[in-house]
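Okay, here's what each chain looks like letter by letter:
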Amino acid sequence: MIAALFGHRIQTFSSVLLLVWAGPWQTVSPSQLQPTTPEVVVVPTLGTDHAFDLDYSVAHVAALLDAIAPDALAVEDVTDWLGAGCVYRAVWPENHIALKYAREQSIPIWGMRRPPSASEYDQTVEGIARQNERYASPDAVEREYRVRLDETTARIAREFSFTSAPQTLRSLLRSGFPARAATWTPAERDATAAAARRSIESLVPLIRANPRRRWAVLLPWGHALDTAELLRAQPGIRYRPVDEFLTSADGALAKRMDAGTISWILSGMLDDWYGMWAPQTFPAERIAALLKRLQTLAPRDP
């Protein structure tokens, strides 16, 4: 009797154990066992102009990444440098934003640019030498840079500060970028198309070798648009227009407008060459509002 009861308990325990192990397997559908087609969102960026467009600033780029919620990032930079925690193309703010986001979220970030070669270093040194020869005297600097400063501050005022409509990414995608692209020369158009093809040649193998649910790819707006069109034709990749995430990005913006980011935005308006050369080209009321908000967020920060 004891043996029979003990045997019954073993049988019951075994049945429960089988149910526990069988349960999860019964809930997995065949489709869930298949690899997910990677989604790719191309984010057009402004480069240094992010410092002057208060409606598509560095905070807006960070908020857009929050809305996209990628599992991987790709930028026009060098992977080894990004892995070491710094950017090779230091002048582009979007690369800094992407690297910061990757570290915040503990996701991988890849560069689509090949590592610099020794010849590239030599070319840079030679270029610096030519620049020093060209601007050997203060008069030479003033003669050329004064014209350049005038032209650039006029462009900033025309394109960003005093436009009829805010230059949000939504507006730029709808009309701003197409209007600028329409002014390109044939040589500029060919160069942009070639840059897009290089991006695809680097990006697609990268995505296939490192499968992730969703990628965000940050590229200068000119060849970002061409790259997006080429991605649509790639098999095994689902291209998602950045427009789908703009409403969510609007809601994420307030969190990204912290003291550090506002200081970064203001540095382009107040401390940059253009801000010092022609401060009247910048929107004074909006700058004052940002300064007031910065004072509220960090009243004791010098």
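As a reminder, the structure under discussion sits directly above these lines.
Residues numbered from 1 in each chain as written. Predicted model: local features only at pLDDT ≥ 70, side-chain atom pairs only at ≥ 80, totals over all residues. Heavy atoms only, no water.

1. Here we look at the layout of surface pockets
For step 1, the next point in the chain: Of the pockets and cavities examined, the largest pocket occupies roughly 420 Å³.
For step 2, the next point in the chain: Considering the residues around the largest pocket, the lining is formed by 14 residues, among which Glu76, Met112, Arg113, Arg114 and Arg198 are closest to the centre.
For step 3, the next point in the chain: When residues of the lining of the largest pocket are assigned to their parent elements, the largest contribution, five residues, is made by helix H8 (residues 186-209).
For step 4, the next point in the chain: Taken together, 18 residues form the lining of the second largest pocket, with Asp55, Tyr56, His60, Asp250 and Leu253 sitting closest to its centre.
For step 5, the next point in the chain: Residue assignment for the lining of the second largest pocket shows that the elements contributing at least two residues are helix H2 (58-68), helix H7 (169-181), helix H10 (246-256) and helix H13 (284-297).
For step 6, the next point in the chain: The biggest single contributor to the lining of the second largest pocket is H10, with four residues.
For step 7, the next point in the chain: In terms of residue class, the lining of the second largest pocket is made up of 11 nonpolar, three polar and four charged. (1 Å grid on protein atoms, 1.4 Å probe; cavity = no way out; pocket = protein on both sides within 12 Å on 5 of 7 lines; lining within 4 Å. Points joined across faces, edges and corners; volume = space filled by probe spheres on them. Helix = DSSP H or I, 4+ residues; strand = E, 2+ residues; numbered from the N terminus. Nonpolar A, V, L, I, M, F, W, Y, C, P; charged D, E, K, R; others polar.)

2. Quick look at the sheet that holds strand E2 (residues 72-75)
For step 1, the next point in the chain: Spatially, the five strands line up as an open sheet ordered E3-E2-E4-E1-E5, and their pairing is parallel. Two strands lie at the open edges of the sheet, namely strand E3 (109-111) and strand E5 (238-239), each paired on one side alone.
For step 2, the next point in the chain: Bridge count between E2 and E3: three bridges; the pairing is parallel. Looking across to E3, one finds that Ala74 is bridged to Trp110.
For step 3, the next point in the chain: Sheet strands touched by H8: strand E1 (39-45), E2, E3 and strand E4 (214-220). Its angle to E4, the strand with the most contacts, is close to 165 degrees. (Pairing = 2+ DSSP bridges. Contact = heavy atoms within 4.5 Å. Axes fitted to C-alpha atoms, helices over the stretch in contact; angles between N-to-C directions.)

3. Looking at the environment of Arg189
For step 1, the next point in the chain: Examined against the element boundaries, Arg189 turns out to sit in helix H8.
For step 2, the next point in the chain: The class for Arg189 is partly exposed, based on a relative accessible area of 38%.
For step 3, the next point in the chain: Separated by 34 residues in sequence, Arg189 and His223 have C-alpha atoms that sit 9.4 Å apart.
For step 4, the next point in the chain: Filtering out sequence-adjacent residues up to four positions away, Arg189 remains in contact with Ala181, Ala182 and Trp184. (Buried < 20%, exposed > 50% of the residue type's maximum accessible area, 1.4 Å probe, protein only.)

4. Things to note about the environment of Met112
For step 1, the next point in the chain: The residue Met112 is located in the loop between E3 and helix H5 (118-134) in this model.
For step 2, the next point in the chain: Given the relative accessible area of 9%, Met112 is considered buried.
For step 3, the next point in the chain: Sequence spacing of Met112 and Leu203 is 91 residues, and the spatial spacing of their C-alpha atoms is 6.6 Å.

5. Overview of empty space enclosed by the protein
The gaps of empty space that remain are located by a probe, the size of a water molecule, rolled over the atoms.
For step 1, the next point in the chain: In total, this model carries one cavity of 30 Å³ or more according to the counting rule given.
For step 2, the next point in the chain: Estimated volume of the largest cavity: approximately 40 Å³.
For step 3, the next point in the chain: The wall of the largest cavity is formed by Phe52, Asp53, Leu54, Asp55, Phe160, Ser161, Pro283 and Arg286.
For step 4, the next point in the chain: Residue composition of the lining of the largest cavity, by class: four nonpolar, one polar and three charged.

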